[in-house]
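For reference, the chains in residue letters:
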Amino acid sequence: MTLSLQQHISIDDSQMVVYGYRRTRWRTILVHIFTVLTVGIPALVFHWYPTWFLYMTCVRCSFQVADQVLIVETYQKKCKSYYIHKIRHKNIEDTSGLFNEGFDVEPGDDKRNFETADAIHTPIHLDDGSTLNVQNYRYFRHKKQSIIWDAGRAQWVRLAGIEAGATCAQLHARGAIAPTSEKRIRMLNIYGLNEIKVPVQSIFTLILLEVFNPFYVFQFFTIAVWLAEPYYYYCIAVVLMSTFGVATSVIQTKKNQESLRATVEAHSTVRLWDGRVVATRAVCPGDVVLLPARGCTLHFDALLLTGTAVLNESMLTGESVPVGKTALLRVDKPFDMKEHAASILFCGTRVIQTRYYNNEPVRALVLRTGYNTSKGQLVRSILYPVPADFKFDRDSYKFIIILAGIAACGLAYTVALKAYRALTPSDIVLKALDIITIVIPPALPAAMTVGRLYAVARLASARVACLNTRAVNVTGSLDCMCFDKTGTLTEDGLDMWGVVPVSAATDPPMLGRPQRDPALINDLHDLKMGMAVCHSLTLLDGELAGDPLDLKMFESTGWLLEEPDVPEPSNYEVLTPTIVRPKKTANINVDDIHMPLELGIVQQYQFVSSLQRSSVVVRMLGEDVLRVYCKGAPEMITTLCRLETVPNNLSDVLASYAEKGYRVIAMSTRIMEATLKQIHKMTREEAERDLEFLGLVIMENRLKAATTGIIRELKEANIHVVMITGDNVHTAVSVAKECGILASGERIVQLSGDAAALYCESTLHGAPVGRRTLLQREWRSEDSGRGSWGQSGSASGSGFAPNDPEAPASEPRYKIVVTGDTWRILREHYPDMVGRVVERGAVFARMSSDQKQQLIVEYQALGYYVGMCGDGANDCGALRAAHCGVSLSEAESSVAASFTARELSAAPRLLREGRAALATSFGLFKFMVGYSLTEFFSVAFLYYFDSNLTDFQFLYIDIALIVNFAFFFGMTEAHSGKLCERPPLTSLLGLVPLCSLVGQLSLIAVAQYFGYYALTFFPWYVRHTYAGEEENECWENYVIFAISMFQYVIMAIVFSHGAPHRRSILSNRKFVASLLVMTSLCVYIAVSPAAWVASFLQLRMPKDVLLCYLVLAITAANFVVALLFERLVIEYLMEGREMIPKFLKEKRVRKTPHLMLKRQLTDMDYLDCDSLVKFDKEGAISDASSGRGS
């Protein structure tokens, strides 16, 4: 037997490593004793770091003897998450804990003998297609899924539905017999109740979880220290703020949990094939259910065995277009969820109607239940979102550690100073702990959320919903934006432009002249009949419903669609015929008998994105043969057609229409001598072969009015714009040119080929450039430090400094176009070239949903912050993987995105608000850190004189100044002008923010020292000496407090940056009013406060008013120098002009893959010719000679 100590598992986008652990009694006892002796402090640490408790109480062991597992989950090779689960044991015959509803067998109900092994045999289906035939097994639950131990192979495997590893014929056979009650109980025991339960925690639990957050634990420590001082007033203020923060968080969390539960959880009843009506909670995989003729919501994933169904799948696709489903063919072929999606009824979708012969009920086989269903996977993605990885957040935690280090230095300083002054140990401890509470500001987390919340509110007013407030700041860092085409850049609807039939008068066949109105074509023309029957339309309450493309195409023919209530199987030999016929009477001659022209659809093969086609089998009334009509992507249809039927001019005609932005669909046909039974046993591939090419259907897809302006705005902001679409590559390129993703003067490099070799073909202004070149499997990386960016002359007006390593001085004038097939080959056989292709990629066509997600991940691997904007249909994976997903659909599928909107204009609006929020967060963070360190300087300075700030002075600073300014700081709106080429900084530990903070704090320290220095010149000044714990009233206290008051106002002003990411501080009237009021109040307190004010603040006013004016002069000088330093040195020189040491720029470039790649690019990449300039001229001449120009 193999002993397994760890195992690698890949689920969705995450890579997991599973380790086995076994708890030891003596370790556990020692840990509990130590916890009791240390007043529960280790328990608190174990709550924050559960893995520490595992390491302390358990030993690493093989899975065979383990009772716990540790899962280390890595997402995109960056974020790590840790999970600990107990290993459980289950006996599939043990029904304890399960309710019996729907499983009680009434006397005489189940007469079948199930003593046979087949009747009660219940294999456990695993994710890899294998089965486990055991009575007892071990498992653990991870993210609502069961992971089962396969003892034979000594590995963990995820529990799957009954379709795993089965063929279509096997599933039909399973659905032909209703399972026995005994088998149903076993299946229910394996899979659990059919529920998608969203955990809703009690208020008490939520409060405890919030209170034990490290931040609030630190606040408890802070309050304890202040009560010992005693600082009662500020303690009350902190307790009130903390209570408000905890209450707000708990209420919001509770509301979100209840809202999600109300949206997700649903129960009803369902009728089984054996006649019993059971609750949907009692349904298990393997059940055969009967679907009503009209109206029901599915609570499980099921396979349609008989008849047809029409569903609303908006929960999954984001499109509330009725979708037709057909029964699964009984063929001996492996079942695949994607390939056979046209026969699968997904959980959460609504059945609009079902149809079957003689109105008999439609049968469906339950495949998956609970969290294993498609809806369950969607809910799991909400409960367990993608780990956030944002540099600003990481650096903020690092900065807290730096502050903790400063606090430790302050503690040492305080202990040494107070011990030297011979204070009592209790006083020394209190003073030392007090300075720790000053350095780390308790209000920091609350202040950091302010900017995001104001941005979210502004987005909501613009009808952009934010589902994840953390994503707002990330949006401000985006430097790559990916767009879906159809429904995102272009209008949702398609208009019929016309058709191009194959001319019957030419040999070899050629595409003839286009016909703008398909209704004028002869009704007996195969192309017109194909357009009339090759679709999945149905009648709902007498109205045609279905895919908009199919609807436009059918309506253009002028034919009628009928679904007789009582079909005549003798006419079409089919149980559920859909009949189409011309509106006008049309007859055909069959054996000299005039019969009406009618076509009955006897079999449908739904559209599958991976196959890029759909087809139908029809019978014409009176004929003995069957006709197959197949439509789809022209490049796919041509591979299925007989070579002699493919027009010679197809490539030229196809390119001419696609380049104009039209959507082109090819139509083909075939005549078969087969019976209906033979058709049902025939695979799709057997039916869709040896076809005859009929012609092209041309659909018009217009750009949205705002698209071009939005793309231009993004590109001018130096954002890499990419189109990712499932449409034809020629159409995609045309739309990209029209909207500006591809500039008119850019060379277009298209990659094509097969696994043996990929080739690069370049065009410029539509004309070929150079020769067809072979794509190298490895690129020779030669970094000269400048590469193709050596010509810095063109960068002079771009805002970049000369010789800037990051300046896009002479960016190569070419873009790469890739198709889905090429992308697959590129990733499999050219892995070293993927990064280079992606860096210059602009159009990715014929991309599947999985490939879209792969592309997003590749851009992230290059160091881009990636945004994805899609219509929510097949973009969910990409929306979820992107740093910022924007769904233009408000259906439930939009939960995969961070934002939902209705208009494409949300993209630049999001960038503006995100950049404003990020700039606000930066300013607020620096303000809060500056505030805490300023207060630290003040206290440390006063400690030297055996004094301190008084309780009400602390209260005035913390509440009247800091909380006040932090509240209004984020109200400054986003900049309404042109998007800046540079996004805000993302690193708090970079040179620019550190210089800003260090510079401002240096000015603050100098100003405070000058204030004290000025005080020493007055003859009446006497140094303060220790006179007791509460005796802090002295002239040193006055000077430090008076100057520091104004310094908090100064920091609020200088850290509140305006353009290019936020509007001017003057536009924030509430903030300006707050600043003016508090400045006036500070002047009043510093110069001539009323006696009761001075007494309240315990201020010892100077004997000479000149000192008061000197304080004002020092603070005024501090303000002027601080403002000049921040605006001129930090903003203009360091941020704007990039005047920072070159080695730091070089370090950033070398740490960012896409910047390193740009250095290696030249204008001659992927081009085999002597001179690009030469071919530029030739291209222009050829264009001019053809009358097109450039």
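Residues numbered from 1 in each chain as written. Predicted model: local features only at pLDDT ≥ 70, side-chain atom pairs only at ≥ 80, totals over all residues. Heavy atoms only, no water.

*Asks:* Can you tell me about the overall build of the protein, naming the residues and giving the values?
*Replies:* From N to C terminus, the protein includes 39 helices and 45 strands. For the protein, buried positions account for 55% of its 1190 residues. Considering only intrachain contacts with a sequence separation of at least 6, the fraction spanning at least 24 residues in the protein is 73%. (Helix = DSSP H or I, 4+ residues; strand = E, 2+ residues; numbered from the N terminus. Buried < 20%, exposed > 50% of the residue type's maximum accessible area, 1.4 Å probe, protein only. Contact = heavy atoms within 4.5 Å.)

*Asks:* Explain the state of the cysteines to me, using residue names and the numbers behind them.
*Replies:* Note on terminology: disulfide describes a covalent bond linking the sulfur atoms of two cysteines. On inspection of all chains with the given rule, the structure shows 0 disulfides. Residue Cys-58 stays outside any disulfide, its sulfur separated by 8.5 Å from that of Cys-61, the closest cysteine. (Disulfide = S-S within 2.5 Å.)

*Asks:* Lay out the confidence of the model for the protein in plain terms, naming residues and giving numbers.
*Replies:* With 88% of its residues at a pLDDT of 70 or more, the protein has an overall mean of 83. Taken together, the stretch residues 100–115 has pLDDT below 50 and engages in 25 contacts with residues farther than four places along the chain or on a different chain. This model gives residues 783–803 a pLDDT under 50, and the stretch forms 43 contacts once residues within four places in sequence are excluded. (pLDDT = per-residue confidence, 0-100.)

*Asks:* Could you give an account of helix 8 (residues 214–228), with specific residues and numbers?
*Replies:* An α-helical turn contains 3.6 residues, so any two residues separated by three or four positions project in the same direction. Given a rise of 1.5 Å per residue, 15 residues ought to cover 21 Å, and the 21 Å separating the end C-alpha atoms of helix 8 matches this to within 8%. Of the positions making up helix 8, those classed as buried are Tyr-216, Val-217, Phe-218, Gln-219, Thr-222, Ile-223, Val-225 and Trp-226. (Expected span 1.5 Å × (residues − 1).)

*Asks:* Residue-level account of the nonpolar core, with values.
*Replies:* Membership of the largest hydrophobic core comes to 90 residues, with the highest contact counts inside it found for Tyr-956, Phe-965, Tyr-1038, Phe-1041 and Met-1045. Per element, the largest residue contribution to this core is 15 residues, and it comes from helix 33 (residues 1035–1054). Those residues in contact with Phe-1041 that sit more than four places away from it in its chain are Leu-949, Gln-953, Tyr-956, Ile-957, Ile-1085, Leu-1097 and Leu-1099. Of all hydrophobic cores here, the second largest spans 60 residues; its members include Met-337, Leu-367, Val-646 and Phe-693. (Core = buried A, V, L, I, M, F, W, Y, C linked by side-chain atoms within 4.5 Å.)

*Asks:* How would you explain the pairing of strand 32 (residues 599–608) if you had to name every residue and give the values?
*Replies:* The element strand 32 is extensively covered by neighbouring structure, given that 9 of its 10 residues are classed as buried. Across 3 bridges, the pairing between strand 29 (residues 578–582) and strand 32 is antiparallel. Following the sheet pairing, Thr-578 is matched in strand 32 by Ile-601. Relative to strand 33 (residues 613–620), strand 32 is paired through 7 bridges, and the arrangement is antiparallel. (Pairing = 2+ DSSP bridges.)

*Asks:* Give a detailed account of the sheet that holds strand 16 (residues 301–304), specifying residues and quantitative values.
*Replies:* Spatial strand order, 13-12-14-21-16-19: 6 strands in an open sheet with antiparallel pairing. The open sheet has two edge strands, strand 13 (277–279) and strand 19 (344–345), and neither has a second partner. When strand 14 (residues 288–291) meets strand 21 (residues 362–368), the two strands line up antiparallel, connected through 4 bridges. In the strand pairing of strand 21, Leu-290 is matched with Arg-363.

*Asks:* Run through the environment of His-975, naming residues and quoting values.
*Replies:* Relative to the assigned elements, His-975 resides in the loop between helix 31 (951–969) and helix 32 (991–1015). For His-975, a relative accessible area of 23% gives the class partly exposed. On a C-alpha basis, the gap between His-975 and His-1061 in space is 5.1 Å, while along the polypeptide they are 86 residues apart. Among residues more than four places away in sequence, those in contact with His-975 are Arg-912, Ala-1059, Pro-1060, His-1061, Arg-1062 and Arg-1063.

*Asks:* Quick rundown of the pairing of strand 44 (residues 884–887)? Include the residues and the values.
*Replies:* Each regular strand shows side chains that alternate between the opposite faces of the sheet. Side chains Cys-884 and Val-886 project from strand 44 onto one buried face, and the interleaved Gly-885 and Ser-887 project onto a second face that is buried too. Judged from the 4 bridges that link them, strand 43 (residues 866–870) and strand 44 form a sheet pairing that is parallel. The residue of strand 44 that forms the bridge with Cys-869 is Val-886. Here 2 bridges tie strand 44 to strand 45 (residues 899–900), and the two strands are oriented parallel to one another. The residue of strand 45 that forms the bridge with Val-886 is Phe-899.

*Asks:* How would you summarise the environment of Ala-545 if you had to cite specific residues and measurements?
*Replies:* Examined against the element boundaries, Ala-545 turns out to sit in strand 27 (residues 543–545). Ala-545 sits in the buried class, given a relative accessible area of 11%. In the structure, Ala-545 is positioned 222 residues away from Val-323 in sequence and 8.5 Å away in space, judged by C-alpha atoms.

*Asks:* Lay out the sheet that holds strand 43 with the relevant residues and their values.
*Replies:* Read across the open sheet, the 11 strands follow the order 22-45-44-43-23-37-42-41-38-39-40; overall the sheet is mixed. The open sheet is flanked by strand 22 (465–466) and strand 40 (767–774), the only strands paired with a single partner. In this sheet, strand 37 (residues 720–724) lies alongside strand 23 (residues 480–483) in parallel orientation, the contact comprising 4 bridges. Bridge pairing in strand 37 places Met-481 opposite Val-721. Helix 25 (residues 729–739) rests against strand 37, strand 38 (747–753), strand 41 (814–819) and strand 42 (841–845) of the sheet, and its axis sits at about 140° to strand 42. (Axes fitted to C-alpha atoms, helices over the stretch in contact; angles between N-to-C directions.)

*Asks:* Outline a nonpolar patch on the surface, listing residues and values.
*Replies:* A contiguous nonpolar patch, built from Val-1006, Tyr-1009, Phe-1010, Tyr-1013 and Phe-1017 and spanning about 540 Å² of accessible area, is present on the exposed surface. With relative accessibility at 45%, the residue Phe-1010 sits in the partly exposed group. (Patch = residues over 30% accessible without salt bridge, like charges linked within 9 Å, V, L, I, M, F, W, Y side chains within 5 Å. Areas by Shrake-Rupley, 256 points an atom, 1.4 Å probe, with all protein chains shown as cover. Salt bridge = Lys/Arg side-chain N within 4 Å of Asp/Glu carboxyl O.)

*Asks:* Go over the packing of helix 12 (residues 391–420) against helix 13 (residues 425–439) with me, naming the residues and quoting the values.
*Replies:* Put simply, helix 12 and helix 13 touch, their axes get as near as 8 Å, and they point 155° apart. As the angle between them shows, helix 12 and helix 13 are arranged roughly antiparallel. In this structure, the crossing between helix 12 and helix 13 has a hand that is right-handed. Facing helix 12, whose interface residues are Leu-403, Ile-406, Ala-407, Gly-410, Leu-411, Thr-414, Val-415, Lys-418 and Ala-419, helix 13 presents Ile-428, Lys-431, Ala-432, Ile-435, Ile-436 and Val-439. Residues that form the contact of helix 12 with helix 13 fall into these classes: 11 nonpolar, 2 polar and 2 charged. (Parallel < 35°, antiparallel > 145°, perpendicular 65-115°, else oblique. Left-handed = near helix turned anticlockwise from the far one by under 90°. Nonpolar A, V, L, I, M, F, W, Y, C, P; charged D, E, K, R; others polar.)

*Asks:* Let's hear about unusual backbone geometry: which residues, and what values?
*Replies:* For the bond running from Asp-507 to Pro-508, omega is 5°, close enough to zero to count as cis. Positionally, Pro-508 belongs in the loop between strand 24 (495–503) and strand 25 (510–511). Here Ala-1059 and Pro-1060 are connected by a cis peptide whose omega angle stands at 15°. Even without being glycine, Ala-154 reaches a positive phi, approximately 55°. Classification of Ala-154 by relative accessible area gives buried; the value is 12%. The residue Gln-1098 is not glycine, and still its phi comes out positive at about 60°. Within the fold, Gln-1098 resides in the loop between helix 35 (1091–1097) and helix 36 (1105–1136).

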